[in-house]
Amino acid sequence: MGSVTVWQGLLLLQVVVCSLPNIPPSLTGKAWQRVLVKLGKNHKLSCGAENFTPYLTDWKKDGQSINPGWERFKITNEGDLRIRDIEKTDAGLYTCIATNGFGMVSVNHTFIVQDDERQKFYDGDKEYNITADEDLTKDGAIPFFEDLEQMKKSMNMEKPVRSIIKLICKADGNPKPEITWIRNEKPIPQKRGHGHAMLKINDVTKADSGAYMCVAHNRLGQVNFTFNIQVIDVVNEKPKLIAPHPLNQTVDAGSTVSFQCFVESENDPEVKWLKRVDRPEEGIQDTVLDYGNEKFIVLKNPGAILKLPDGTYLHKLVIKNVRAKDAGLFVCSATNKKGFNTRQAYLHIVPGSESNEEYSDDTSTSHGSSNKSSDDADTNLPLYIGLPSCAVLVLILLAVFLMQRNNRCRRADTSSKSPRPPVPPHERDAFYYSNCQQQQQTVNPLLASREKIPPKTPAPSVDMACSEFSSVSRAQPNHYYHPNHMNYGY
């Protein structure tokens, strides 16, 4: 029976072990905790992990494992870390790592050592003064503005002279930040405050206009915000629009029209241009204004207001390439703190061929065809002018070419007909002599036939025979003849 009881006990233990969940250790609190301890005291750090199965714990300080050689440090069987006689060098980051066969979990502890005697505290390797503005049990935080959206609404402020300005700058952090006001890069003297601050200026003048910067800072960092203040004269009257502008205008379709609006005001006015409409177009309902029984739309005009040397203000409305639908009533509206005033002008459009085609609802088909042909004629006008001009240019170039060619031919003929130099007498005698020799050697058929006819008494002749000529020429030898000398024809 006893042996059966032992086997039953072992079986029960195996069932209990197998029924435990196979999960890694879990956290009992935050994964990052801040611990404040007193200098010279003892303290125990709990790992902050738990599990149904046993697990191993390992402690590290600033990434270095704590081993038994650390005399004042001891890891208990429960996995806690005991530190006795705490010193300022014990401040730092402690990490507990809990591990079982199914995983691991780590918990970080920021260890802050507080020295009440010296009113110092140690965070890691840094030393700080203990102040009432910092909660050492909480993590440090750089300053931040508590109501930033409300501050943005009053970022640009306009105040009349002799009024009061209040600028509120709420900020928080750990430690609580100090507030400093700066104007023109110089601090504004005031009482030191924490958490929130208000800058108040009574009976302001125009000299108080400018940029006011709120700076919130603590030992961890700083933030700033700037208010732009403009002090203006007291406005007693509404703006006045100087007549006769804006003027009524009549222009052709497709041209550019410009309306001018001259304003007198004690401060910078806000000028808008409106146009009266009967049926507002879709998509612009948000810009429609109801004034009396009429509807107006606010025109989107990028033009800026210009202050003239005489103190008045000028604003222009420019409409380019006006069309028939642009005709109507235009209103110039000038506003200041006291109120507003308006002046109006009419724009009339003279319809032309293009405007009739585009905007007139009564244009017939034949009219549209004529406009189209007119447009085609305008399009082909450069072609009609260019072709004849090119033809004339080609003819001119051809005539110039022919004239130059004729001039070159004339110069060539003149050079070929230049007078030849006279032939020297000795070269002419040599030429005659050579010809006579050739005639004697050549048998003339007529002379051969004459030999059969009885000779008649020869008539006296005064011609000199070739032999005689040759004897004369031989009697005068050629001292100037050169075989390379050119022959001349006669």
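Heads up: these notes are all about the structure in this document. (Residues numbered from 1 in each chain as written. Predicted model: local features only at pLDDT ≥ 70, side-chain atom pairs only at ≥ 80, totals over all residues. Heavy atoms only, no water.)

**Overview of the overall build of the chain**
Right, on to step 1. What the chain contains, in helices and strands, is seven helices and 30 strands.
Right, on to step 2. For the chain, buried positions account for 27% of its 490 residues.
Right, on to step 3. Element-wise, carbon and sulfur atoms account for 54% of the exposed surface of the chain, whose accessible area totals about 34,200 Å². (Helix = DSSP H or I, 4+ residues; strand = E, 2+ residues; numbered from the N terminus. Buried < 20%, exposed > 50% of the residue type's maximum accessible area, 1.4 Å probe, protein only. Areas by Shrake-Rupley, 256 points an atom, 1.4 Å probe, with all protein chains shown as cover.)

**Examining the sheet that holds strand β7 (residues 73-75)**
Right, on to step 1. Here three strands make up an open sheet; going across it, the order is β3-β8-β7 and the pairing antiparallel. Two strands in the sheet have a free side with no partner beyond their single neighbour: β3 (43-45) and β7. Strand-to-strand, the axes of this sheet are offset by a mean angle of 20°, without reference to chain direction.
Right, on to step 2. Bridge count for β7 against strand β8 (residues 81-83) is three bridges, and the pairing is antiparallel. Across the sheet, residue Lys 74 finds its bridge partner in β8, namely Arg 82. (Pairing = 2+ DSSP bridges. Axes fitted to C-alpha atoms, helices over the stretch in contact; angles between N-to-C directions.)

**Some thoughts on the state of the cysteines**
Right, on to step 1. Going through the model one piece at a time under the given rule, you end up with three disulfides.
Right, on to step 2. Put simply, Cys 47 and Cys 96 are joined by a disulfide, and their sulfur atoms are 1.9 Å apart. Looking along the S-S bond of the Cys 47-Cys 96 disulfide, the torsion reads about -90°, which is the left-handed sense. Pair noted here: Cys 47 is in the loop between β3 and β4 (49-50) and Cys 96 is in strand β9 (residues 92-100), with a separation of 49 residues, a long-range link. This pair shows no difference in class: Cys 47 is buried, exactly as Cys 96 is.
Right, on to step 3. Here Cys 261 connects covalently by a disulfide to Cys 332, the sulfurs 1.9 Å from one another. A torsion of -90° about the S-S bond marks the disulfide between Cys 261 and Cys 332 as left-handed. Here the residue Cys 261 occupies a position in strand β23 (residues 257-264), and Cys 332 occupies one in strand β29 (residues 328-335), the gap between them amounting to 71 residues.
Right, on to step 4. We classify Cys 332 as buried; its relative accessible area is 0%.
Right, on to step 5. For the chain, numbering the cysteines in disulfides from first to last along the sequence yields the connectivity 1-2, 3-4, 5-6. (Disulfide = S-S within 2.5 Å.)

**Concerning the environment of Phe 145**
Right, on to step 1. By secondary structure assignment, the location of Phe 145 is in strand β13 (residues 141-145).
Right, on to step 2. The class of Phe 145 is buried, set by a relative accessible area of 15%.
Right, on to step 3. Residues Phe 145 and Cys 169 lie 24 residues apart in sequence; the distance between their C-alpha atoms is 7.4 Å.
Right, on to step 4. Setting aside residues up to four positions removed in sequence, Phe 145 forms contacts with Met 151, Cys 169, Lys 170, Ala 171, Cys 214, Val 223, Asn 224 and Phe 225. (Contact = heavy atoms within 4.5 Å.)

**Thoughts on the sheet that holds strand β22 (residues 249-252)**
Right, on to step 1. Read across the open sheet, the six strands follow the order β22-β30-β29-β24-β26-β25; overall the sheet is mixed. A single partner strand is all that each edge strand has here, and the edge strands are β22 and β25 (288-291). Each strand of the sheet is rotated relative to its neighbour by a mean of 35°, with strand direction disregarded.
Right, on to step 2. Here eight bridges tie β29 to strand β30 (residues 340-350), and the two strands are oriented antiparallel to one another. Bridge pairing in β30 places Phe 330 opposite Ala 345.

**What about the pattern of salt bridges?**
Right, on to step 1. Under the defined criterion, the tally for this structure stands at 16 salt bridges.
Right, on to step 2. A salt bridge links Glu 294 to Arg 276; its shortest N-O distance comes to 3.0 Å. Of this pair, Glu 294 sits in strand β26 (residues 294-298) while Arg 276 is found in strand β24 (residues 270-277), placing the two residues 18 residues apart along the sequence.
Right, on to step 3. Among the ionic pairs, Asp 290 bridges to Lys 295, the shortest N-O distance being 3.0 Å.
Right, on to step 4. On the accessibility criterion, Asp 290 (56% relative accessible area) is exposed.
Right, on to step 5. Several salt bridges converge on common partners, so that one network encompasses Arg 72, Glu 87 and Asp 90. (Salt bridge = Lys/Arg side-chain N within 4 Å of Asp/Glu carboxyl O.)

**A word on the pairing of β9**
Right, on to step 1. Counting buried residues in β9 gives seven out of nine residues, a clear majority hidden from the surface.
Right, on to step 2. By the bridge criterion, six bridges tie strand β5 (residues 56-61) to β9 in an arrangement that is antiparallel. Within the sheet, the bridge partner assigned to Lys 60 lies in β9 and is Thr 95.
Right, on to step 3. Pairing of β9 with strand β10 (residues 103-115), which is carried by nine bridges, proceeds in the antiparallel orientation. Its bridge partner lying in β10, Ile 97 is registered against Ser 106.
Right, on to step 4. Where β9 folds back onto β10 in an antiparallel hairpin, the turn is made up of two residues.

**Some points on the nonpolar core**
Right, on to step 1. Residues Ile 165, Leu 167, Trp 181 and Ile 229 are the most contacted members of the largest nonpolar core, which totals 21 residues.
Right, on to step 2. In this structure Ile 229 touches Met 157, Ile 165, Leu 167, Ser 209, Gly 210 and Tyr 212, once residues within four positions along its chain are discounted.
Right, on to step 3. Among the nonpolar cores identified, the runner-up in size contains 19 residues, and Cys 47, Phe 73, Tyr 94 and Ala 98 belong to it. (Core = buried A, V, L, I, M, F, W, Y, C linked by side-chain atoms within 4.5 Å.)

**Comments concerning a nonpolar patch on the surface**
Right, on to step 1. On the surface, a cluster of nonpolar side chains totalling about 240 Å² of accessible area is made up of Val 392, Ile 396 and Val 400.
Right, on to step 2. By the secondary structure assignment, Val 400 is in helix α4 (residues 365-416). (Patch = residues over 30% accessible without salt bridge, like charges linked within 9 Å, V, L, I, M, F, W, Y side chains within 5 Å.)

**Re the packing of aromatic side chains**
Right, on to step 1. Under the definition given, this model contains nine aromatic pairs.
Right, on to step 2. Their ring planes at 70° and their centres at 5.0 Å tell us that Phe 225 and Phe 227 sit as a pair that is edge-to-face.
Right, on to step 3. Here the aromatic cluster, defined as three or more aromatic residues joined through ring pairs, consists of Trp 70, Phe 73, Tyr 94 and Phe 111. (Phe/Tyr/Trp six-rings, centres within 6.5 Å; stacked < 30°, edge-to-face > 60°.)

**Notes on the side chain of His 109**
Right, on to step 1. Within the element layout of this structure, His 109 appears in strand β10.
Right, on to step 2. By relative accessible area, His 109 is classed as buried at 1%.
Right, on to step 3. Within the structure, His 109 has its side chain in polar contact with the backbone oxygen of Ser 46 (distance 3.3 Å).
Right, on to step 4. Here His 109 is in contact with Gln 33, Val 35, Leu 45, Ser 46, Cys 47, Trp 59, Gly 92, Leu 93 and Tyr 94, once residues within four sequence places are set aside. (Polar contact = N/O pair within 3.5 Å; in protein donor to acceptor, adjacent residues only side chain to side chain.)

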